[in-house]
Amino acid sequence: MPAKISRNYTGPWRKTPGRLFGVGFVRLYQVTFSPLVGGHCRHIPTCSEYAYEAIARHGLMRGGWLSARRVVKCGPFGGHGIDNVPDL
């Protein structure tokens, strides 16, 4: 049986309370609300995958800020394509 591939960030990250809360909130969104709105994202990775990785790698405050900027880019006049989480 092949190993299950996760859509979310699987690299190493410090499990601080803020990061655990942030990624838990994103994961809750992915499991409950995301299937209802459908897969219409124009970016790779999707906004929720981006938020999960940004919060895991950079913490709740900085990762949350990066995630908010990413969601704004997803508007009707935003771009499309590959938009990876930056190394800060």
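By the naming in an unreviewed UniProt entry, the protein is Putative membrane protein insertion efficiency factor, taken from Jiella endophytica.

J.: Account for the pattern of salt bridges, naming residues and giving values.
T.: In total, this model carries five salt bridges according to the counting rule given. A salt bridge links Asp 87 to Arg 57; its shortest N-O distance comes to 2.1 Å. Of this pair, Asp 87 sits in the segment after strand E2 (81-82) while Arg 57 sits in helix H3 (residues 47-58), placing them 30 residues apart in sequence. Given the relative accessible area of 66%, Asp 87 is considered exposed. The class of Arg 57 is partly exposed, set by a relative accessible area of 22%. Linked by salt bridges that have partners in common, Glu 53, Arg 57 and Asp 87 make up one network.

The rules behind these values
Residues numbered from 1 in each chain as written. Predicted model: local features only at pLDDT ≥ 70, side-chain atom pairs only at ≥ 80, totals over all residues. Heavy atoms only, no water. Salt bridge = Lys/Arg side-chain N within 4 Å of Asp/Glu carboxyl O. Helix = DSSP H or I, 4+ residues; strand = E, 2+ residues; numbered from the N terminus. Buried < 20%, exposed > 50% of the residue type's maximum accessible area, 1.4 Å probe, protein only.

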